[in-house]
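# Inside the fold
Chain by chain, the residues:
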Amino acid sequence: MFRSALRALTVFGVMAAAPALAPALAAGDHTQGPAALPHAHFHFEGVFGTFDRASAQRGFQVYKEVCSACHSMRLLSYRHLLELGLSEAEVRAIAATVTVNDGPNDEGQMFERPGRLSDRFRSPFPNEAAARAANNGAAPPDLSVISKAREEGPHYLHALLTGYADPPAGMAMGDGMNYNRYFPGNQIAMSAPLREEGQVEYADGTKATVEQMALDVTNFLQWAAEPEMEARKRMGVKWVLFLTILGGLAYATKRKIWANVPH
Amino acid sequence: MSIGLHNSTFKNPVIRWVDSRLPIFSMMQNEYGTFPTPKNFNYFWNFGALAMINLLIMIATGIFLAMHYTPHVSMAFDSVERIMRDVNYGWLFRYVHANGASMFFIVVYVHIWRGMWYGSYKAPRELLWIIGVVIFLLMMATAFMGYVLPWGQMSFWGATVITNLFSAFPVVGDHIVTLLWGGFSVDNPTLNRFFSLHFLLPFVIFGVVFLHVAALHITGSNNPLGIDVKSPADTLPFHPYYTAKDSVGMVVYFIVFASLVFFAPNYLGHADNYIPANPMVTPAHIVPEWYFLPYYAILRAVPDKLGGVLLMFGSILVWFILPWLDTSPVRSMRFRPIAKWFLLLWGIAFGVLMYCGGKPPEGIYVVLSRVATLYYFAWFLVILPLLGRLERPLPLPESIAKPVLRGGGPLPAGAAAKPMEKA
Ligand code: HEM
């Protein structure tokens, strides 16, 4: 009995180790970034982690007032902001600040109207070529899932936004390029978007340091990439608890059934 | 027995009526109820049942994903993200499906390893083993095409690299590639045919799995001792003994599965696949999913393209002839004092290849890949055929029931007779 339990452990140890090892094995391809990433602490980390709503809301403000000049978030609709804890009146007002092309109407004409809850976030450029042309040849990527699209997503974002510095002596910088410690190759076409304290004015009185703005916008981008995270983790805790109890029962049943079989 | 009717033993009149005309109840009873099963299985024998469950989970979640997925290059990526955001529990279905593919390979790799360690591929189970290898090849094709569907950067570039491999074959190579692509590059026609095939193949797998199980129920299961069942004292009825034991494994499997899905759903994935496919931008490193890494390492270990492709395919095709490469009369590695170390080393070589497959093909990784590749094939083609003749196996136990007595103390009265009555 003990021996077979031990064997079971070994087998499932292998099962569990395989996925644990694989990414470590599969990784190693994202080490072009020269500096090691500093690890900030985020409220959404861990099995019980939840979004810091106040920070993510401030982060949305940073996105709206700074990043949205260049970066689209085309997978999000204004109505999604309700899940971030903004009131419906607030979200309607935010949506109404943009102008949306709609139509054709009954006369077959296209027309403009203020944005609604159901509209997607408005993109700053009509197409990628325009985005490229306006940004020194490098198109700003869509930020909807950017946090999932980079290895160590949130840590990378926070590091990138605070990682601007003067290039080391002797480094030849491309035209219009900026030095960043964490960007692969260290030359990025985006100039430091968060430059000085007070660049945005937070309604809740939080001091808008560069570090604070970077953390806030990272919280917001993480929420945007995984809006299901809280529901997912909550469901996961229930499943694992249930399965653990079920496992105990299944094992007890098995022992009882096998009790008088020598094996 | 009345002519033309099956002689059913079921009491319930409705079941009896059906069973006399179509004996599916008798069949289930014989194959999963009273089926005589060696009494000495360890938990390695759970993995076939787990693979079956995994296949059903993939089909169930896949059908729901397909209801919301759009196989078009300009919409595929967004449709997957829409599943994640706007479809009720869409994130759950997608993460179960994506991580289910990884779980499937973990389970099947353990299942295959079990077969290798206990010699389950040897007579009379050669065809059963061969059908298993067919299932594995079908799984690889299915998973490869499934990974293309979300149309991220790795989808696109993985598809490009892997389909391009066929161009290494002389004369027909380029034609095969054009056929796979449905054009002259990986594009919308490629995505469409991959979606169609990705939908079809799991059902083909289902059919082949049926043959796998049918063949198993002719030969009966192997067991950790690798010796034949000699008498009913060696066996137990499948139910309730192994239904109970499989249930334990199943719950542990679901705990591992749930931990991945709910707490680390993108852990095994690649971040680049959340960047929409862009034919103009090549990712710095194109890496397949973790379960393909060993073969990818073999491919890159060979300096010649055709040679690499041949060795890569050969690394799995060689499994087909494994029953005839192994010349030892003994099945289980428990009784093969030398072979077991060489097989363990083969397992390590497989792990090394998996490691190297995820690294850039340069420096030490190439050297390691080459050594591991060499050993991978040497084990099958040289060591295994020779060892069967040179190695002296340990004495085999007389029967499955006997060694149990040896280690397990005196037999409680009647325990051995009990299964006999049921079987
Ligand atoms: C042997 C069984 C199967 C395996 C190993 C498998 C594997 C995969 C993999 C690796 C992916 C990519 C996951 C991702 O990154 O999103 C995928 C996606 C997909 N699969 Fe399957 N699959 C199987 C069965 C099925 C079946 C039966 C269907 C439909 C009837 C299906 C429909 C889909 C769809 C629509 C997607 C794209 C959506 C997505 O990317 O999440 N699959 N599959």
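This text follows the structure it describes.
Keep in mind that this is a model prediction, so the values were computed, not measured. By convention here, each chain's residues receive numbers from 1 onward along its written sequence. Chain A is the first chain written and ligand 1 is the first ligand written, with later ones labelled in order. Side-chain atom pairs in this predicted model are given and counted only at pLDDT of 80 or more, local residue features only at pLDDT of at least 70, and totals for whole chains, interfaces and linings cover all residues. The side-chain quantities take in all heavy atoms of the structure and omit both hydrogens and water.

### What about the packing of aromatic side chains?
Residues and elements named next belong to chain B. Ring pairs shown here join Phe, Tyr and Trp side chains whose ring centres sit within 6.5 Å, with only the six-membered ring taken for Trp; geometry is labelled stacked below 30 degrees between planes, edge-to-face above 60, and tilted in between. Evaluation of the coordinates by the stated rule reveals 49 aromatic pairs over all chains. Measuring from ring centre to ring centre gives 5.7 Å for Tyr 253 and Phe 257, while their planes differ by 70 degrees; the resulting arrangement is edge-to-face. In this pair, Tyr 253 and Phe 257 both sit in helix α10 (residues 238–263), four residues apart, roughly one turn of the helix. Both rings, one in Trp 346 and one in Tyr 376, keep their centres 5.3 Å apart while their planes meet at 45 degrees; by these two values the pair is tilted. Of this pair, Trp 346 sits in helix α14 (residues 339–357) while Tyr 376 sits in helix α15 (residues 364–390), and the two are 30 residues apart along the sequence. Only protein chains enter the accessibility calculation, which uses a 1.4 Å probe; a residue whose area is less than 20% of its type maximum is buried, one above 50% is exposed, and one in between is partly exposed. Looking at Trp 346, the relative accessible area reads 4%, which means it is buried. Judged by relative accessible area, Tyr 376 falls into the buried class, the value being 1%. A run of H or I in DSSP counts as a helix once it spans at least four residues, and a run of E counts as a strand once it spans at least two, with each numbered from the N terminus.

### Some remarks on a nonpolar patch on the surface
Residues and elements named next belong to chain B. Residues enter patches when their relative accessible area tops 30% and they take part in no salt bridge; the joining distance is 9 Å for like charges and 5 Å for the nonpolar side chains Val, Leu, Ile, Met, Phe, Trp and Tyr. What sets the accessible areas is the Shrake-Rupley method with a 1.4 Å probe; for residues, cover comes only from the shown protein chains. In the sections that follow, a salt bridge refers to a side-chain nitrogen of Lys or Arg positioned within 4 Å of a carboxyl oxygen of Asp or Glu. Taken together, the side chains of Ile 321, Trp 324, Leu 381, Val 382, Leu 386 and Leu 390 present a nonpolar region at the surface, about 630 Å² in accessible area. Tallying contributions element by element places α15 first for the nonpolar patch, with four residues. Note on placement: Leu 386 falls in helix α15. Judged by its relative accessible area of 46%, Leu 386 falls in the partly exposed class.

### Thoughts on the coordination of the iron atom of the ligand
All names here are of chain B. At 2.0 Å from the iron atom of the ligand lie its protein donor atoms, namely His 97 (NE2) and His 198 (NE2). Metal-coordinating donors are taken as N, O and S atoms lying within 2.8 Å of the metal, or within 3.2 Å when the metal is Na, K or Ca; because water is left out, some sites can appear incomplete. Every geometry call rests on angle ranges, with four donors termed tetrahedral when all angles are between 85 and 135 degrees, four termed square planar and six termed octahedral when opposite donors are over 155 degrees apart and all others are between 65 and 115, and everything else termed irregular. For the iron atom of the ligand, the six donor atoms are set out with angles of 84 to 179 degrees between them, so the coordination reads as octahedral. Here His 198 lies in helix α9 (residues 188–219) and His 97 lies in helix α5 (residues 90–117), a separation of 101 residues in the sequence. Using a relative accessible area of 16% as the deciding quantity, one classes His 97 as buried.

### Observations regarding the interface of chain A and chain B
Across the boundary between the two partners, chain A contributes 58 residues, which contact 65 residues of chain B. For the pair chain A and chain B, the summed buried area comes to about 5200 Å², and 72% of that belongs to carbon and sulfur atoms. Connecting chain A to chain B are three salt bridges. B:Glu81 is the partner of A:Lys148 in a salt bridge, and the nearest nitrogen-oxygen pair spans 3.4 Å. The definition of a polar contact used here is a pair of N or O atoms within 3.5 Å, where within protein one atom must be able to donate a hydrogen and the other to accept one, and adjacent residues in sequence count solely through side-chain atom pairs. Run the count over chain A and chain B and you get eight residue pairs in polar contact (both at pLDDT 80 or more). Take the side of chain A that touches chain B: its biggest share by element is 17 residues, from helix α7 (residues 229–258) of chain A. Class assignment of the residues belonging to the side of chain A that touches chain B gives a composition of 34 nonpolar, eleven polar and 13 charged. Here, two residues are considered to be in contact whenever any of their heavy atoms come within 4.5 Å of each other. Defined in terms of a 1.4 Å probe, buried area is the accessible area two parts forfeit on being brought together, summed over both. Nonpolar residues are Ala, Val, Leu, Ile, Met, Phe, Trp, Tyr, Cys and Pro. Charged residues are Asp, Glu, Lys and Arg, and all others, Gly as well, are polar.

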